[in-house]
Amino acid sequence: MGPAQGRIGEVVEASSRRCAVQCYRLYESPPLGALARVGDPPVYALITEVSTEALDPGRPVIARGEDAATVEEVYRSNPQLDKLLCTRLRCLIVGHLRDGAPVAGLPPLPPKIHSFAHPCPADEAEALVSSPDFARLLLNSDLPSPDEVIVACLRLAGRQAADGQGLLHRAGNALARELSDQVPRLNAILRRLT
Amino acid sequence: MSLNLGKTAQQIEGFAHSLKGAQNDRSRRLSEAVDAMRRAAPEEVRAKQSGPAAQRRFLYAVAGEGLGASHPPKSAPGNFCVLSVDGSHIDVDRHMPAACALVNIGGCVLRYGDDPDAYLYNEPSLYSDDRLYLTEQTPEGATEIPIEGAILGLMRTVEEVKALAPLIRDKAPADAPTLALLDGSLILWALAGQGYPELVRTEIIQRGLTPALDALREMSRRRVLALAAYVSLPRSREAANALRLHLCEFDSAECKRVCRPRRSPHSPCSMVNHLLDRELFEELLAPGQRSCLFSTNSSIVDEYGRGHRICFYYLHTGEEVARVEMPEWVALDKALLSLTHTLILDQTRRGMGYPVAISEAHEQAVIGGGDRRTFRELVDRSLVRRGMSISGSEKSRSKRMAWV
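Just so you know, these numbers come straight off a predicted model, no measurement behind them. Residue numbers restart at each chain and count upward from 1, following the sequence in its written direction. Key to labels: chains lettered from A, ligands numbered from 1, both in the order written. This being a predicted model, a pLDDT of at least 70 is required before a residue's local features are given, and a value of 80 or more before pairs of side-chain atoms are given or counted; all residues contribute to the totals for chains, interfaces and linings.

**Topic: the interface of chain B and chain A**
Link 1 in the chain: With C-beta atoms placed from the backbone, a contact is any residue pair whose C-beta atoms sit within 7 Å. Contacts between the two partners involve 11 residues from chain B, matched on the other side by seven residues from chain A.
Link 2 in the chain: Polarity classes work like this: nonpolar for Ala, Val, Leu, Ile, Met, Phe, Trp, Tyr, Cys and Pro, charged for Asp, Glu, Lys and Arg, and polar for all others, with Gly in that last group. Classifying every residue of the side of chain B that touches chain A by side-chain character gives seven nonpolar, no polar and four charged.

Okay, here's the thing in structure tokens:
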């Protein structure tokens, strides 16, 4: 039986600015730059890093495939790996629901631990990504490579939106305002969006 | 005061020096013993073990064939299942504010083949109040024995065996050959001899282990199911002692008079002195091979019930020589015996030298230092919430705060 209602996983760490989600199934995670809707009341979390590691940090993962022809064979020969490894998402909290509408910015309270994470509906993702505050929040974050995450996020949102080009246009304008004094950086981002 | 490492190191040096001095003699005797194992004819071994000379002061393994016989593994079935259960416990601590113990049983089921899968679990169980005592009411009066220390360890072992049958029933596919693996020996050595009251033996064996083994044997009549226990780095001498008996030129009475249980002053059987079974089989077996099948003549297994006499063989995994034990109902079924050999070898290969199922069951069962402290805190908090005193012993407090 799969996770209920398309759930991705559960929050295992949370603060006002960040949260970590443990996926229910190994390697079954949304991609870098995807938005998740987390908890109730919902907050919006942007996936900034996807990692897979040992569930127990005290048990190092070792190489097992010297004699295996494929990676799949390694997993078939070691079925316990599915239960001993886990895929985790590091997320930046980028918005919340206010008066029934998604707004960019930090929520009053972080999501509870064990809150469920769902994929963010396309219309809510579009509303967030189009907001000038969204670009500002990301560019001012302490992410190690914010531009990569911005590009990944906008590309995904553009593909999912009913009017993808319009969305990218609005998001591009918001970035231009924030990066008016960093034209080469702005151009590098925009080039990758077209 | 800290340990005087200078004096300790001096003594260790002396000990290592004497070991080194004995090494050459040991190597020579090992080589002779291995040759003697290879030469030991099955009929001669059997004759000595069943004749009037069979009564000895030392435990020896009863061999069904030549002592030096070896068997290669068969190939593994396409689909199969290996499962294991292990346990860990927190013993009663009389310095704690309330008497209680915790037994944590962990297990895993690993399915290989067309539909690989894994199931891991653990289940803690608190022992408190009446559960902390073995009790018996007889016409002569009531007997009450606290379950702690070695008795708790034995109870835990029984719980591990008991946990296998429901795990197999609920989680192992009925149509796949299944190996149930336990860590350590199936022989309850601690109960051998007369150290424990009859009630302990009754509770552990007759009311615990035997019904658990019966349940597994019953299951094995309806599906392909083998039970085995894996002893890593075994220190047994039962097979070496079988050689000692085979070589002995004295009758039983003379042997009892002049020989010690652990060594003989007389040649040729003195060649076996202090040799371990695993040392002999490291020389006799190639990687992947198992030894001949032995059965133990330890008196404790006589109490296990019909069909549960413990048999064993040695297995060269490629990394070590391990001892594999199983009840007679597995050992006497050629297909099941072969299944234990094949699948344990397969498990050690997948587990980098140690059966992966046992390893994962252990990981599920183990209670780490942090969890032990948390357990104690949970007990304390629970008592405080109910307005009870949690004053532990002064000794316990003194150990935690070793002030100057």
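**Brief notes about helix 11 (residues 369-385) of chain B**
Link 1 in the chain: Helix and strand definitions follow DSSP, with helices as H or I runs of at least four residues and strands as E runs of at least two, each counted in order from the N terminus. To estimate the expected span of a helix, subtract one from its residue number and multiply by 1.5 Å. Counted at 1.5 Å a residue, the expected span for helix 11 of chain B with its 17 residues is 24 Å, and the 24 Å between its end C-alpha atoms agrees.
Link 2 in the chain: Downstream of helix 11 of chain B by one or two residues, Gly387 of chain B has phi in the positive range, about 70 degrees.

**Some points on the pairing of strand 1 (residues 9-14) of chain A**
Residues and elements named next belong to chain A.
Link 1 in the chain: Alignment of strand 1 against strand 7 (residues 116-119), held across two bridges, turns out to be antiparallel. Looking at strand 7, one finds that Glu10 is bridged to Phe116.
Link 2 in the chain: Pairs of strands are assigned from DSSP output, requiring at least two bridges between the strands. Taken together, the five bridges between strand 1 and strand 2 (residues 18-23) define a ladder with antiparallel strand orientation. Within strand 2, the residue paired with Ala14 across the bridge is Cys19.
Link 3 in the chain: Hairpin connection, strand 1 to strand 2: the antiparallel pair is bridged by three residues.

**Here's the deal with the environment of Ala229 of chain B**
Link 1 in the chain: Locating Ala229 of chain B in the fold gives a position in strand 9 (residues 225-231).
Link 2 in the chain: Remark: the alpha-carbon pair of Ala229 of chain B and Ala286 of chain B, spanning 57 residues in sequence, is separated by 21 Å.

**Observations regarding the domain arrangement of chain B**
Put simply, an interface is often sized by how much accessible area is lost when its parts join up.
All names here are of chain B.
Link 1 in the chain: Note that domain bounds follow an automatic or database assignment of domains. Partitioning chain B into structural domains gives domain 1 (80-237 + 274-367) and domain 2 (370-400).
Link 2 in the chain: Inter-centroid distance (C-alpha atoms) of domain 1 to domain 2 is 33 Å.
Link 3 in the chain: Residue-level contacts link eight residues of domain 1 with 14 residues of domain 2.
Link 4 in the chain: Of the residues assigned to the side of domain 1 that touches domain 2, the class counts are seven nonpolar, one polar and no charged.

**Details of the nonpolar core**
Link 1 in the chain: Here a nonpolar core is just a set of buried residues of the types Ala, Val, Leu, Ile, Met, Phe, Trp, Tyr and Cys, joined wherever their C-beta atoms sit within 7 Å. As a rule, residues whose C-beta atom has 12 or fewer other C-beta atoms within 10 Å are exposed, those with 20 or more are buried, and those in between are partly exposed; C-beta atoms are placed from the backbone. Leu83, Leu110, Ala228 and Leu243 of chain B are the most contacted members of the largest nonpolar core, which totals 105 residues.
Link 2 in the chain: It is helix 3 (residues 150-171) of chain B that contributes the most residues to this core, 10 residues altogether.
Link 3 in the chain: In this view, Leu243 of chain B contacts Ala33, Ala36, Met37, Ala40, Leu67 and Val272 of chain B; residues no more than four positions away in its chain are not counted.
Link 4 in the chain: Core analysis: the second largest hydrophobic core is formed by 44 residues, Val21, Phe116, Leu128 and Ala171 of chain A among them.

**Regarding the environment of Glu144 of chain B**
Link 1 in the chain: Looking at the element boundaries, Glu144 of chain B is found in strand 7 (residues 141-146).
Link 2 in the chain: Distance from Glu144 of chain B to Leu134 of chain B, taken between C-alpha atoms, is 5.6 Å for residues 10 residues apart in sequence.

**Looking at helix 4 (residues 132-139) of chain A**
All names here are of chain A.
Link 1 in the chain: Those residues of helix 4 that sit buried are Phe134, Ala135, Leu137 and Leu138. Down the axis of helix 4, the smallest arc covering the buried residues is 160 degrees, so these residues share one side.
Link 2 in the chain: Close packing links the buried residues of helix 4 with strand 5 (85-98), strand 6 (101-104), helix 3 (122-129), helix 5 (146-160) and helix 6 (164-178). What the arc measures is the spread of directions leading from the helix axis to the C-beta atoms.

**Examining the confidence of the model for chain B**
Link 1 in the chain: A residue's pLDDT is simply how confident the predictor is in it, with values from 0 to 100. Averaged over all residues, the pLDDT of chain B equals 91, while 97% of them reach at least 70.
Link 2 in the chain: If you check the scores for this complex, the pTM reads 0.87 and the ipTM reads 0.79.

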